[in-house]
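# Residue-level structure breakdown
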Amino acid sequence: MCFPQIILNAFKQQKQVHLKSSQADLVTETDLRVETILKSAIRDKYPVHRFIGEESVAAGECVELTDSPTWIIDPIDGTANFVHRFPFVAISIAFTVNKQVKAPMEFGIVYSCVEDKLFYAQKGRGAFLNGEPLNASGQEGGITCEPDSDDDDEVRWQGLSGLCCIPDDMLCVCFSVRALGTAAVDMCQVATGGADAYYHIGMHCWDIAASSIIVQEAGGVVMDTDGSPFDMMSRRVIAASSTAVANRISQVIQAFPCRRDDEDQCRCICGGKGVNSV
Ligand SMILES: O=P(O)(O)OC[C@@]1(O)O[C@H](CO)[C@@H](O)[C@@H]1O
Ligand SMILES: [Mg+2]
Ligand SMILES: [Mg+2]
């Protein structure tokens, strides 16, 4: 059975849910099964390739980008949605080489399973949804924003109130707010033009690596929340319809530092598990 079908079949079933880093950070047997299937299928074909998989890292593996071609996998983005049968659950797969954290990935795939929407992009070749070309809105004025934060609500609403109360004489006004509970699908809305901006503080590289290139190839902009260049390991991202909107958002949200995904890399090289163990 193919792995999206595994997710769809399990979607309707009762699930055994385990907590990871917090009450909001869930994992099910399906997350683990899909990541294992994906990694073994890729490893069979490309034995020297490496992986950064959400559930492998949760099991103690290092987040280690080397010069080797690397697959960055979130087997189910939106596990909380999956557990509650809220129909926004996605598989996110990105591919990068030569330790690219800032430049666009080589390619990215986000498959929103229940919607049956396949978002994908390859560097320099455009972004697509179910085969149709994607274009970000290019909007520079009134925007629809998808804010998210894995930290306290205060940060989220501080940012939002900043966005919603920008004086009219300033560049952009936020007209409405959406959040689907899957960073990968949320961010892809900017690539479709359905949203003009997305920002997130606290997610992980596997949540946004694929959607970052999908946004870029659709003509959108990605950057860090402090306005510096996008860095998928920093756990902070703004995706927007235009540089003007991205810059405006970086000016009003309260960016705070997050422990980088690759922060323990040296521990891993010295003595961490470092071996793909899922
Ligand atoms: O753990 P999961 O399901 O792969 O990710 C869930 C997620 O979308 O929800 C959080 C808040 O939106 C984000 O940090 C993260 O991307
Ligand atoms: Mg995720
Ligand atoms: Mg996940």
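Note that the coordinates shown come from a computational prediction; the quantities given were computed from them, not determined experimentally. (Residues numbered from 1 in each chain as written. Chains lettered and ligands numbered in written order. Predicted model: local features only at pLDDT ≥ 70, side-chain atom pairs only at ≥ 80, totals over all residues. Heavy atoms only, no water.)

### Section: the packing of helix 1 (residues 3-11) against helix 2 (residues 29-45)
Two elements in contact, helix 1 and helix 2, have axes whose closest approach is 10 Å; the angle formed by their N-to-C orientations is 170°. As summarised for this structure, helix 1 and helix 2 are arranged roughly antiparallel, according to the angle between their axes. Of the residues in helix 2, those touching helix 1 at Phe3, Ile6, Ile7 and Ala10 are Thr30, Arg33, Val34, Ile37 and Leu38. Per-class residue counts for the contact of helix 1 with helix 2 are 7 nonpolar, 1 polar and 1 charged. (Axes fitted to C-alpha atoms, helices over the stretch in contact; angles between N-to-C directions. Helix = DSSP H or I, 4+ residues; strand = E, 2+ residues; numbered from the N terminus. Parallel < 35°, antiparallel > 145°, perpendicular 65-115°, else oblique. Contact = heavy atoms within 4.5 Å. Nonpolar A, V, L, I, M, F, W, Y, C, P; charged D, E, K, R; others polar.)

### Here's the deal with the coordination of the magnesium ion (ligand 3)
Around a metal, the idealised angle for a tetrahedral arrangement of four donor atoms is 109.5 degrees; for an octahedral arrangement of six donor atoms it is 90 or 180 degrees. Note on the magnesium ion (ligand 3): its protein donors are Glu54 (OE), Asp74 (OD) and Ile76 (O). The metal-donor distances range over 1.9 to 2.2 Å. The two metals, the magnesium ion (ligand 3) and the magnesium ion (ligand 2), are separated by 3.6 Å and share Asp74 as a common coordinating residue. Highlighted residues: Glu54 in helix 3 (residues 54-58) and Asp74 in strand 4 (residues 70-77), separated in sequence by 20 residues. A relative accessible area of 0% means that Asp74 is categorised as buried. (Donors = N, O, S within 2.8 Å, 3.2 Å for Na, K, Ca; no water. Buried < 20%, exposed > 50% of the residue type's maximum accessible area, 1.4 Å probe, protein only.)

### Focus: the UniProt feature "binding site: Mg(2+)" (unreviewed entry) in the protein
Under the present numbering, the feature "binding site: Mg(2+)" (unreviewed entry) in UniProt falls on Glu54, Asp74, Ile76, Asp77 and Asp207. Considering the C-alpha atoms alone, the annotated residues occupy 154 residues of sequence yet fold into one spot, their largest mutual distance being 9.5 Å. For Glu54, a relative accessible area of 10% corresponds to the buried category. Leaving out residues up to four positions away in the same chain, Glu54 has contacts with Lys20, Asp25, Glu35, Ile73, Asp74, Pro75, Ile76 and Trp206. Sequence-distant contacts of Asp207, defined by excluding residues within four places in its chain, comprise Asp74, Asp77, Ser92, Ala183 and Ala184. Looking at Asp207, its side chain comes within polar contact range of the main-chain nitrogen of His204, at 2.8 Å. (UniProt positions renumbered as here; feature names shortened; annotations may be inferred. Polar contact = N/O pair within 3.5 Å; in protein donor to acceptor, adjacent residues only side chain to side chain.)

### Looking at the packing of helix 6 (residues 183-192) against helix 7 (residues 205-217)
Relative to each other, helix 6 and helix 7 sit at 5°, their axes nearing to 9 Å. When the axes of helix 6 and helix 7 are compared, the pair comes out roughly parallel. Where helix 6 approaches helix 7, its residues Ala183, Ala184, Met187, Cys188, Val190 and Ala191 are matched on the opposing element by Asp207, Ile208, Ser211, Ser212, Ile214 and Val215. Looking at the contact of helix 6 with helix 7 residue by residue, the class counts come to 9 nonpolar, 2 polar and 1 charged.

### Let's talk about the sheet that holds strand 3 (residues 50-53)
Read across the sheet, 7 strands follow the order 3-4-5-6-7-8-9 without closing on themselves; strand pairing throughout is mixed. With one partner strand each, in any of the chains shown, strand 3 and strand 9 (132-133) form the two edges of the open sheet. Pairing geometry for strand 7 (residues 117-122) and strand 8 (residues 127-129), over 3 bridges, is antiparallel. The residue bridging Phe119 from the neighbouring strand is Leu129, located in strand 8. Strands strand 4, strand 5 (90-96), strand 6 (107-112) and strand 7 of the sheet are contacted by helix 6, whose axis makes an angle of about 110° with strand 6. Contacts from helix 7 reach strand 3, strand 4, strand 5, strand 6, strand 7 and strand 8 within the one sheet, and its direction differs from that of strand 6 by about 105°. (Pairing = 2+ DSSP bridges.)

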